[in-house]
Amino acid sequence: MLMTIEGVYRSGRVELDEAPQVGVETRVLVTFLPQPDAEQSRRQELRARAVERMNAGLDLGGPPYPSRESLHER
């Protein structure tokens, strides 16, 4: 069974937020996550740019639109 427990690496030691319910000796894998400040600010910047593009919409030419008759004459 896999188990994930959050913690912090500090001064050469990993400090877990809670004690795991495992045997005396258990294999572990430790993954270091990116700093949330840099990653979150980058995602927020990308999200803001996407919202700006959506709000701007697509330029489809706009008015004045030709009449139905002028389209059929062509």
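Conventions and cut-offs
Residues numbered from 1 in each chain as written. Predicted model: local features only at pLDDT ≥ 70, side-chain atom pairs only at ≥ 80, totals over all residues. Heavy atoms only, no water. Pairing = 2+ DSSP bridges. Helix = DSSP H or I, 4+ residues; strand = E, 2+ residues; numbered from the N terminus. 1 Å grid on protein atoms, 1.4 Å probe; cavity = no way out; pocket = protein on both sides within 12 Å on 5 of 7 lines; lining within 4 Å. Points joined across faces, edges and corners; volume = space filled by probe spheres on them. Nonpolar A, V, L, I, M, F, W, Y, C, P; charged D, E, K, R; others polar. Patch = residues over 30% accessible without salt bridge, like charges linked within 9 Å, V, L, I, M, F, W, Y side chains within 5 Å. Areas by Shrake-Rupley, 256 points an atom, 1.4 Å probe, with all protein chains shown as cover. Salt bridge = Lys/Arg side-chain N within 4 Å of Asp/Glu carboxyl O. Phe/Tyr/Trp six-rings, centres within 6.5 Å; stacked < 30°, edge-to-face > 60°.

Caption draft 1: Region of interest: the pairing of strand β1 (residues 7-10). In the sheet, β1 pairs with strand β2 (residues 13-16) via four bridges, with the strands oriented antiparallel. Counted as the bridge partner of R10 is R13 from β2. Hairpin remark: β1 followed by β2, antiparallel, with two residues in the connecting loop; positive phi at S11, about 55°.

Caption draft 2: Quick peek at the layout of surface pockets. Taken as a whole, the largest pocket holds about 1,100 Å³ of empty space. Taken together, 24 residues line the largest pocket, and the ones lying closest to its centre are M3, I5, L16, L29 and V30. At the level of secondary structure, the elements contributing two or more residues to the lining of the largest pocket comprise β1 and β2. With three residues, β1 is the largest single contributor of residues to the lining of the largest pocket. In terms of residue class, the lining of the largest pocket is built from 16 nonpolar, five polar and three charged.

Caption draft 3: Summary view of a nonpolar patch on the surface. A surface patch of nonpolar side chains, about 640 Å² in accessible area, is lined by Y9, V14, L16, V28, V30 and F32. Structurally, V30 is set in the loop between β2 and α1 (36-56).

Caption draft 4: Structural detail: the packing of aromatic side chains. Under the defined criterion, the tally for this structure stands at one aromatic pair. Between Y9 and F32 the ring centres are 5.4 Å apart and the planes differ by 85°, which places this aromatic pair in the edge-to-face class. With Y9 in strand β1 and F32 in the loop between β2 and α1, the pair connects residues that are 23 residues apart, well separated along the chain.

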